[in-house]
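One-letter residues, chain by chain:
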Amino acid sequence: MRKQGYWGFIFTFPFLLQLVVFFIFPFLFSLYLTFTKWDLFNPPQWVGLKNWIQFLSRETFWLSLRNILYFSVLFIPLQTAFALILAYLLNRQIAGKALFRMVYFLPVITPWVAGGMIWLWIYHNDYGILNWLLERLRLSPVDWVRSGHWWIVIGSIAVVNIWKGAGYSMVLILAGMQNISNEMVEAARMDGASGWTLFAKITLPIVSPMVYMVMILSTISAFHAFDVFLVMLGDITAVADRNMVPNILIYRDAFMNFKMGGASAMAWGLFLIILAATLMQKKLEKRWVHYE
Amino acid sequence: MKALKIAFTSILIALSVAACSTNQTENKPSGGNAPNTDNPPPKEVELKIGLPGGYDITSKKIIDGFQAKYPNIKLEIEEAPWADFTTKIITRIAGNNPPDIWFQENAVILGYGARGVAENLEPYIKRDLKTEDYAEALFSARTADGKVYGIPHGINAGALAYNKTIFQENKIPFPTDDWTYQDMIDTAKKLTKDTDGDGKPDIYGFQTGNNITLGWLPWMKAAGGSALDASLTKAAFTDPKSIEGLTYWADTINKLKISPSRELAKTGKFFENGKAAMVFLQYSSQVPINKNNPDMDWDTVKMPVGFNGSRFVPMVVNEWMIYSKAKPEAKEAAWTFLNYYLSDEAQTFLSESGASLPVKKTALEAVEKMTFKPGNKKAYTEGIKEAGGTLDENPTWNEWRAAANPILDDIMDGKRSPEEGAKEIQQKVQAILDENQ
């Protein structure tokens, strides 16, 4: 090994150590746990494929998967579209631009507890503004987060997550838009492009790598969604099966019911699903993402 | 000279006997054989005590009193809000780094006992305590095989609290200890009023609880049902009496409309704000009520007599447990702490704090004479003696409760009928009980 390489290794050693201790070891250990029964306090016992078979045949897991897929279908495209529109509007020459950027970014830095409280008030059956509006329109009120219909509950929660996450995605896309050179826009204008054509033919292709990144990040965060469900559904011990999502199920099994093996198997199942979704998006990338 | 020799030899023999006896005491293994706490070892010991809820729950006077009495035991106190403590403690145990002694809910402690985390305190109790000096609740953490995994931090019982002003304004006599659930419902109907004419009640006669302690379980027991059978291994939700109790419970909101709904109750403290005339109230709740609403005129009577003619007083008993893998000397020190905790002095400090009712009978009697509200503390103390019962607790209590809770919420919200809901709960709870047999 050359001397420089040796020093390089020494300097990166603390980071490698951290990687091994906090990432590689837990990653592999959790894989091992999927084949064991472990209550956290006593040594793990080998049970073979039992945990995998058990979680695949568990109704609650499939319900949670249905919910998170529905959540993703709402959340990913709507958040991306919303962020794209906001970024496009805020990239124009308008008065008070800095103020609007801040306003749309504010939910990102608002703590979940505070944001969740606001939305719970908006959704409140008796005092909420949404039901108040419905009442004014002579429509019957909706039980937004306590409905017996899972699709209303999960849909309402997806809206909250879009509100919270769109600002971050907007900043990423906005950064991409600001890289578009004035010359290119001017040239397009001289050729007669304006409005929608300018957006669809110039802006969108140029920011498509950013949009793609936002979609990948949104997909991962959708499958990871935990805080939003925790805050909106209230007591974690009282989440109905019809409103369950994988992360709450995993958390509950692992840390409340001390079933680390089963929880690890579910976590790995979820990991494989996210991997498949991301690979699928990667495959479709070539069709619409434009790199200069 | 001879006399001097005899005296010298006697002193030597006396010293050797003393030395031997000291060695015998010190060499006793902890755990199986309880240590002798009459003569605490003079050597310094470190004891890590976990205080969930900090000094709001564990009176500082107890800690200071213990420290003054046992200066050789150096306390390392770890206090945290209850929720943070209970979240962290699991990973701390998994990492073999929890405090030597702390307290949690009885059911959690039973679960820790089943997993070998909590020390069996039965030998210690047998050796050092006169059990007849304590309320039966001392043994709330006893399992079927006789092991005892915790010492009560205190008893938090339920009673029927009522707002005197609302009763007086409506010229209705106050509740009594002889009241039945039916009396309570009938009176609540009279007290529920829409004062501003918007079609919605502004004062409710009763506020129904949604949890196991003050909500659905007392109603099920009032009809003669229960969550689990006596062996705590079979679910009893589909027992017709249990369903009957659930029906009475949900009807208070959905049919009789004498109670605010679950969602409404979440956003307003109805009893505290004088918007509900009656509520089932745990003993510890008087601390925030007396602090935040000192002028409110209220009192308590015993939990009403059930529809089946018998009374049930729900009790939450949090327990102190000793970590089974703590060092032997730390276990000894922890038991010394518990022994002090159960002494007259510490039990009096506990009573004065108002956070919980003591388990020592003498201190329990003294509570009745205390002057803070509620005036009638016998509703709790005598209620416990007459009909105190824990909440069908077993090592899987948290797990089966989590399975039942969302369905019970649906029943309370009127989204599902008690019969239909009970059927589903029965299936889920029984599966959990079977899996953990």
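Residues numbered from 1 in each chain as written. Chains lettered and ligands numbered in written order. Predicted model: local features only at pLDDT ≥ 70, side-chain atom pairs only at ≥ 80, totals over all residues. Heavy atoms only, no water.

Engineer: Talk me through the overall build of chain A; I want residue IDs and the actual numbers.
Structural biologist: Helix and strand content of chain A: 12 helices and two strands. The N-to-C order of helical and strand elements in chain A reads α-β-β-α-α-α-α-α-α-α-α-α-α-α. Projecting the C-alpha coordinates of chain A onto the three principal axes gives extents of approximately 75 × 70 × 35 Å. Counting over 292 residues, chain A shows a buried share of 43%. Accessible surface, chain A: about 16600 Å² in total, of which carbon and sulfur atoms supply 71%. If you average the places of the 22 positive and of the 14 negative side-chain charges in chain A, the two averages end up 5 Å apart. (Helix = DSSP H or I, 4+ residues; strand = E, 2+ residues; numbered from the N terminus. Buried < 20%, exposed > 50% of the residue type's maximum accessible area, 1.4 Å probe, protein only. Areas by Shrake-Rupley, 256 points an atom, 1.4 Å probe, with all protein chains shown as cover. Lys, Arg positive; Asp, Glu negative; His and termini not counted. Charge placed at Lys NZ, Arg CZ, Asp CG, Glu CD.)

Engineer: How would you explain the pattern of salt bridges if you had to name every residue and give the values?
Structural biologist: Across all of its chains, the model carries 23 salt bridges over all chains by this definition. Salt-bridge contacts for B:Asp392 lead to B:Lys221; the nearest nitrogen and oxygen are separated by 3.1 Å. Linking B:Asp392 in the loop between strand E9 (388–389) and helix H17 (397–412) with B:Lys221 in helix H9 (residues 212–222), this pair joins segments that are 171 residues apart in sequence. According to the relative accessible area criterion, B:Lys221 is buried, its value standing at 18%. In this structure, the salt-bridge partner of B:Lys415 is B:Asp413, at a minimum N-O distance of 3.5 Å. Relative accessible area serves as the criterion here: at 29%, B:Lys415 is assigned to the partly exposed category. Residue B:Asp413 is classed as partly exposed on the basis of its relative accessible area, which comes to 26%. In this structure, a network of salt bridges that share partners links the residues A:Asp143, B:Arg262, B:Asp409, B:Asp413 and B:Lys415. (Salt bridge = Lys/Arg side-chain N within 4 Å of Asp/Glu carboxyl O.)

Engineer: Outline helix H9 (residues 195–224) of chain A, supporting the account with residue identities and numerical values.
Structural biologist: For H9(A), built from 30 residues, the straight-helix expectation of 44 Å at 1.5 Å per residue is missed by more than 12%, its first-to-last C-alpha distance being only 37 Å. Of all the bends found along H9(A), the most pronounced is centred on A:Ser208 and spans about 55°, while A:Pro209, a proline, follows it within four residues. (Expected span 1.5 Å × (residues − 1). Bend = angle between axes of the 7 residues up to and from the residue.)

Engineer: I'd like a description of the confidence of the model for chain B, backed by residues and values.
Structural biologist: Residue and element names in this part refer to chain B. In the predicted model, chain B carries a mean pLDDT of 88, and 90% of its residues have values of at least 70. Note that residues 1–35 has pLDDT below 50 and, in this model, 19 contacts with residues that lie over four places away or in other chains. Here the prediction assigns the complex a pTM of 0.80, and the interface score ipTM is 0.75. (pLDDT = per-residue confidence, 0-100. Contact = heavy atoms within 4.5 Å.)

Engineer: Could you give an account of the side chain of B:Gln207, with specific residues and numbers?
Structural biologist: By the element assignment, B:Gln207 lies in strand E5 (residues 204–207). A relative accessible area of 15% means that B:Gln207 is categorised as buried.

Engineer: I'd love a proper account of the interface of chain B and chain A, names of residues and values included.
Structural biologist: Often, the extent of an interface is quoted as the loss of accessible area upon association of its parts. Taken together, the contacts link 25 residues of chain B with 25 residues of chain A. Both faces combined, the contact of chain B with chain A buries some 2300 Å², and carbon together with sulfur accounts for 50% of it. Counting the surface chain B buries against chain A, the share from its top three residues, B:Ile90, B:Arg115 and B:Glu263, is 28%. Taken together, the links from chain B to chain A amount to six salt bridges. For A:Asp241, the salt bridge goes to B:Lys428, with nearest N and O atoms at 2.3 Å. One can count seven residue pairs in polar contact (both at pLDDT 80 or more) joining chain B with chain A. Of all the secondary structure elements, the ones that give two or more residues to the side of chain B that touches chain A are helix H4 (82–94), helix H11 (262–267), H17 and helix H18 (418–435) of chain B. When residues of the side of chain B that touches chain A are assigned to their parent elements, the largest contribution, six residues, is made by H17(B). Split by residue class, the side of chain B that touches chain A holds eight nonpolar, five polar and 12 charged. (Buried area = accessible area lost by both parts, 1.4 Å probe. Polar contact = N/O pair within 3.5 Å; in protein donor to acceptor, adjacent residues only side chain to side chain. Nonpolar A, V, L, I, M, F, W, Y, C, P; charged D, E, K, R; others polar.)

Engineer: Outline the packing of aromatic side chains, listing residues and values.
Structural biologist: The geometry of an aromatic ring pair is captured by the separation of the ring centres together with the interplanar angle, meaning the angle of the planes. Residues and elements named next belong to chain B. Applying the stated criterion across every chain, the model contains 55 aromatic pairs over all chains. Measuring from centroid to centroid gives 5.1 Å for phenylalanine 66 and phenylalanine 337, while their planes differ by 90°, and the two rings are edge-to-face. Pair noted here: phenylalanine 66 is in helix H3 (residues 60–69) and phenylalanine 337 is in helix H13 (residues 328–341), with a separation of 271 residues, a long-range link. With a relative accessible area of 0%, phenylalanine 66 lands in the buried category. Classification of phenylalanine 337 as buried rests on a relative accessible area of 0%. Ring centres of tryptophan 82 and phenylalanine 103 lie 5.7 Å apart, and the angle between their planes is 55°; this geometry places the pair in the tilted category. Of this pair, tryptophan 82 sits in helix H4 while phenylalanine 103 sits in strand E3 (residues 101–105); the two residues are 21 residues apart in sequence, bridging distant segments of the chain. (Phe/Tyr/Trp six-rings, centres within 6.5 Å; stacked < 30°, edge-to-face > 60°.)

Engineer: Could you give an account of the nonpolar core, naming the residues involved and the relevant values?
Structural biologist: In this structure, B:Trp216, B:Phe237, B:Met278, B:Phe337 and B:Trp400 are the most contacted members of the largest nonpolar core, which totals 109 residues. Beyond its immediate stretch of four places on either side in the chain, B:Phe237 contacts B:Trp216, B:Met220, B:Ser226, B:Ala227, B:Ser242, B:Ile243, B:Trp400, B:Ala404, B:Ala422, B:Ile425, B:Gln426 and B:Val429. A:Leu249, A:Ala254, A:Met260 and B:Ile90 belong to the second-largest nonpolar core, a separate cluster that totals 65 residues. (Core = buried A, V, L, I, M, F, W, Y, C linked by side-chain atoms within 4.5 Å.)

Engineer: Quick rundown of the environment of B:Tyr380? Include the residues and the values.
Structural biologist: Residues and elements named next belong to chain B. With respect to the element layout, tyrosine 380 can be found in helix H16 (residues 378–387). Judged by relative accessible area, which is 1%, tyrosine 380 ranks as buried. Taking the C-alpha atoms as reference points, tyrosine 380 and leucine 364, separated by 16 residues in sequence, lie 9.9 Å from one another. With residues near it in sequence (within four places) discarded, tyrosine 380 still touches Ala157, Gly158, Ala159, Leu281, Gln282, Tyr283, Thr300, Leu357 and Pro374.

Engineer: Please give an account of the UniProt feature "transmembrane region" (unreviewed entry) in chain A that cites residues and values.
Structural biologist: All names here are of chain A. In the UniProt entry, the feature "transmembrane region" (unreviewed entry) is given for residues 7–33, 68–90, 102–122, 150–175 and 260–280. Secondary structure content for residues 150–175 is 100% helix and 0% strand, and the end C-alpha separation is 37 Å. Structurally, residues 260–280 comprises 100% helix and 0% strand, and the distance from its first C-alpha atom to its last is 30 Å. (UniProt positions renumbered as here; feature names shortened; annotations may be inferred.)

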